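Summary of structural features
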Amino acid sequence: GRIYDKTGMCTGPSSCCIEYSPLLPTCESGTYDDCDYGANCAYPCDILKTGIIQGSNLFVQLHQKELAMTADLGIMCPVSSVSCPTEEFQSQYANLTLVGLIEDYKGKIIGTKDSLVNLASTSVGETMLEVENFLCNMNATFVERRYDEVKNDICGTMFGGVAQINWALWLLGFSLEIVAILAHIL
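Residues numbered from 1 in each chain as written. Predicted model: local features only at pLDDT ≥ 70, side-chain atom pairs only at ≥ 80, totals over all residues. Heavy atoms only, no water.

1. So, the overall build of the protein chain
In terms of helices and strands, the protein chain carries 5 helices and 5 strands. Listed by position from the N terminus, the elements making up the protein chain come as β-β-β-β-β-α-α-α-α-α. For the protein chain, the share of sequence-separated contacts (at least 6 apart) that also reach a separation of at least 24 residues comes to 45%. When the accessible area of the protein chain is evaluated, it comes to approximately 13,400 Å², of which 63% is carbon and sulfur surface. (Helix = DSSP H or I, 4+ residues; strand = E, 2+ residues; numbered from the N terminus. Contact = heavy atoms within 4.5 Å. Areas by Shrake-Rupley, 256 points an atom, 1.4 Å probe, with all protein chains shown as cover.)

2. Topic: helix α1 (residues 46-73)
The end-to-end C-alpha separation of α1 is 40 Å, in line with the 40 Å expected for 28 residues at 1.5 Å each. Among the residues of α1, G55, L62, L67, M69, A71 and D72 are the ones counted as buried. Positive phi shows up at G74, right after α1, with a value of about 90°. (Expected span 1.5 Å × (residues − 1). Buried < 20%, exposed > 50% of the residue type's maximum accessible area, 1.4 Å probe, protein only.)

3. Considerations on the state of the cysteines
Taken as a whole and judged by the stated rule, the model has 2 disulfides. The disulfide partner of C10 is C16, and the gap between their sulfur atoms is 1.8 Å. Judged by the sign of its S-S torsion, about -95°, the bond between C10 and C16 is left-handed. Across the disulfide, C35 is cross-linked to C41 (sulfur-sulfur distance 2.0 Å). Between C35 and C41 the sulfur-sulfur dihedral comes to about 90°; the bridge is accordingly right-handed. Across the pair, exposure class does not vary: C35 and C41 are buried alike. (Disulfide = S-S within 2.5 Å.)

4. Focus on the sheet that holds strand β4 (residues 34-35)
Taken together, the 3 strands give an open sheet; going across it, the order is β4-β1-β5, and neighbouring strands pair in antiparallel fashion. In this open sheet, the two strands that pair with only one neighbour each are β4 and β5 (41-42). By the bridge criterion, 2 bridges tie strand β1 (residues 8-10) to β5 in an arrangement that is antiparallel. Looking across to β5, one finds that M9 is bridged to A42. (Pairing = 2+ DSSP bridges.)

5. Remarks on the packing of aromatic side chains
The tally for this structure, following the rule as stated, stands at 1 aromatic pair. Where F89 meets Y93, the ring centres are 4.9 Å apart and the plane angle is 40°; that geometry is what we call tilted. Since its relative accessible area comes to 28%, Y93 is described here as partly exposed. (Phe/Tyr/Trp six-rings, centres within 6.5 Å; stacked < 30°, edge-to-face > 60°.)

6. A look at a nonpolar patch on the surface
On the surface, a nonpolar cluster with roughly 680 Å² of combined accessible area is contributed by F174, I178, I181, L182, I185 and L186. Note on placement: L182 falls in helix α5 (residues 141-185). Looking at L182, the relative accessible area reads 45%, which means it is partly exposed. (Patch = residues over 30% accessible without salt bridge, like charges linked within 9 Å, V, L, I, M, F, W, Y side chains within 5 Å. Salt bridge = Lys/Arg side-chain N within 4 Å of Asp/Glu carboxyl O.)

7. Concerning the pattern of salt bridges
Evaluation of the coordinates by the stated rule reveals 1 salt bridge. Among the salt bridges present, the one from D104 reaches K108, with a minimum N-O distance of 3.4 Å. One end of the pair is D104 and the other is K108, both in helix α3 (residues 98-120) and 4 residues apart, which spans about a single turn. According to the relative accessible area criterion, K108 is exposed, its value standing at 52%.

Here it is, written out as structure tokens:
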């Protein structure tokens, strides 16, 4: 009758207490009997409970990182209290999101190109075409660096944590099936 509400298991015959009722507690039990408290009362589910709590905390942390990355990217600003972009991104890079920086960069490049094209129409046509070609092939290394950081956080940290939680839930489900089969047999 105590399969689903078992608290502990006796590891020795003494100091392994169970309360049948508040008036008749006893601390003499056989090894492997159920127990509620005592020095020889071991709790086999504590490791699993600790794992679930740690997994839950890790999930919350990873969710916060996901929101921060989404806010820094700037495609969609999360509804939560995360600012767009985050304060960390603002302190390290700029007050605009990554999409905002690229749009600002694009606008400046277009403005520069237009002014160069207007200048090219006056006297220096061939040189201006080379400058325009140079602007099209410019290397924007800050995009690559931030992309690598986002890729590492999403692919490594977030999906690794999700996989751990997934395996823990499968193991928990399998264990519950075994317990249910044993309960049915007993």
